[in-house]
Amino acid sequence: MSETKRVAILISGGGSNMLALLRDMTGDHPCRPVLVASNDPEAGGLARAAELGVPTAAVDHKPFGRDREAFEAALTERLEAAAPDIICLAGFMRILTPGFIARWEGRMLNIHPSLLPKYRGLHTHARALEAGDAEHGVSVHEVTAELDGGPVLGQARVPVHPGDTPQTLAARVLEQEHRLYPMVLRRFAVGDRTPIRL
Ligand code: GRF
């Protein structure tokens, strides 16, 4: 096997996608987790990662106010100490500056709950329902300076059911997120960028 890839995961919340990634990174997987970091010290995912023996870091964005660069400098310090080959954003709810993105470009993935290029940004489930879409889903993409705009590495589709609410639709999409992200990471880690379609 070629050298194991070191993976850092950035979260802001419960971290269910992070857990799906951590649980997959065992055995013959080409990666191992080296850090789970959050901008929210209260993020439930930090404790869940620690339970699995993964090093964690909290870099609270609030003391930095509007100074995104200073927040990112503190985050970068923690990341560099962990020396990741790949960074997975998994429900990380901070907009990143072009400087931070350039630092990790080509090595940073994000999961976004829509069939990109549809519905970049927030409230994707409500927007899909408002538009009357018959299908919705999730994308994993490389992070570039364009918000939710980098090359798509995988997508999973789900049907929209009559009577769906943003919550029921989100739950259906989330199940697919947990399938898709680990599959994309496995491929990406060995240099395969062929998009996955589920
Ligand atoms: C997921 O829906 C992800 O696509 C979105 O935020 C949510 C994070 O959920 N960006 P979790 O923290 O992974 O459970």
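See the structure printed just above.
Residues numbered from 1 in each chain as written. Predicted model: local features only at pLDDT ≥ 70, side-chain atom pairs only at ≥ 80, totals over all residues. Heavy atoms only, no water.

S.K.: Residue-level account of the sheet that holds strand β5 (residues 108-112), with values.
M.R.: With mixed pairing, the eight strands of this open sheet are ordered in space as β3-β2-β1-β4-β5-β6-β7-β8. The open sheet has two edge strands with one neighbour each: β3 (56-58) and β8 (196-197). The sheet contact formed by β5 and strand β6 (residues 135-142) spans four bridges and is antiparallel. Paired with I111 across the two strands is V140, which belongs to β6. Packed onto the sheet, helix α1 (residues 16-24) meets β1 (5-11), β2 (31-38), β4 (86-89) and β5 and runs at close to 165 degrees relative to β1. Each of β1, β2 and β3 touches helix α2 (residues 44-51); the most contacted strand, β3, lies at about 160 degrees to it. (Pairing = 2+ DSSP bridges. Helix = DSSP H or I, 4+ residues; strand = E, 2+ residues; numbered from the N terminus. Contact = heavy atoms within 4.5 Å. Axes fitted to C-alpha atoms, helices over the stretch in contact; angles between N-to-C directions.)

S.K.: Report on the site of the ligand, specifying residues and quantitative values.
M.R.: With respect to spatial proximity, the complete set of residues near the ligand consists of G14, G15, S16, N17, G91, I111, P113 and E177. At a separation of 2.5 Å, an oxygen atom of the ligand approaches a polar side-chain atom of S16. A distance of 2.8 Å separates an oxygen atom of the ligand from a polar backbone atom of N17. Calculation on the ligand without its partners gives an accessible area of 360 Å², and the protein chains cover 77% of this total. Split into classes, the residues belonging to the shell around the ligand amount to two nonpolar, five polar and one charged. Here the shell around the ligand spans two domains, since at least three of its residues come from each of domain 1 (1-104) and domain 2 (111-198). (Near = heavy atom within 4 Å. Polar contact = N/O pair within 3.5 Å; in protein donor to acceptor, adjacent residues only side chain to side chain. Areas by Shrake-Rupley, 256 points an atom, 1.4 Å probe, with all protein chains shown as cover. Nonpolar A, V, L, I, M, F, W, Y, C, P; charged D, E, K, R; others polar. Domains from an automatic or database assignment.)

S.K.: Any chance you could break down α1 for me, citing the residues and the numbers?
M.R.: Of all nine residues in α1, seven are buried; the element is thus mostly enclosed. When we look at burial in α1, the residues that qualify are N17, M18, L19, A20, L21, L22 and D24. In this structure, the buried side of α1 is in contact with β1, β2, α2, β4, β5 and α6 (166-189). (Buried < 20%, exposed > 50% of the residue type's maximum accessible area, 1.4 Å probe, protein only.)

S.K.: Give a detailed account of the pattern of salt bridges, specifying residues and quantitative values.
M.R.: For the coordinates displayed, the defined rule picks out ten salt bridges. With its nearest N and O atoms 3.4 Å apart, the salt bridge here joins K62 to D60. Across the salt bridge formed by R157 and E135, the nearest N and O atoms sit 3.0 Å from each other. Of this pair, R157 sits in strand β7 (residues 152-159) while E135 sits in strand β6, and the two are 22 residues apart along the sequence. (Salt bridge = Lys/Arg side-chain N within 4 Å of Asp/Glu carboxyl O.)

Geometric descriptors of this kind do not, in isolation, establish any biological role.
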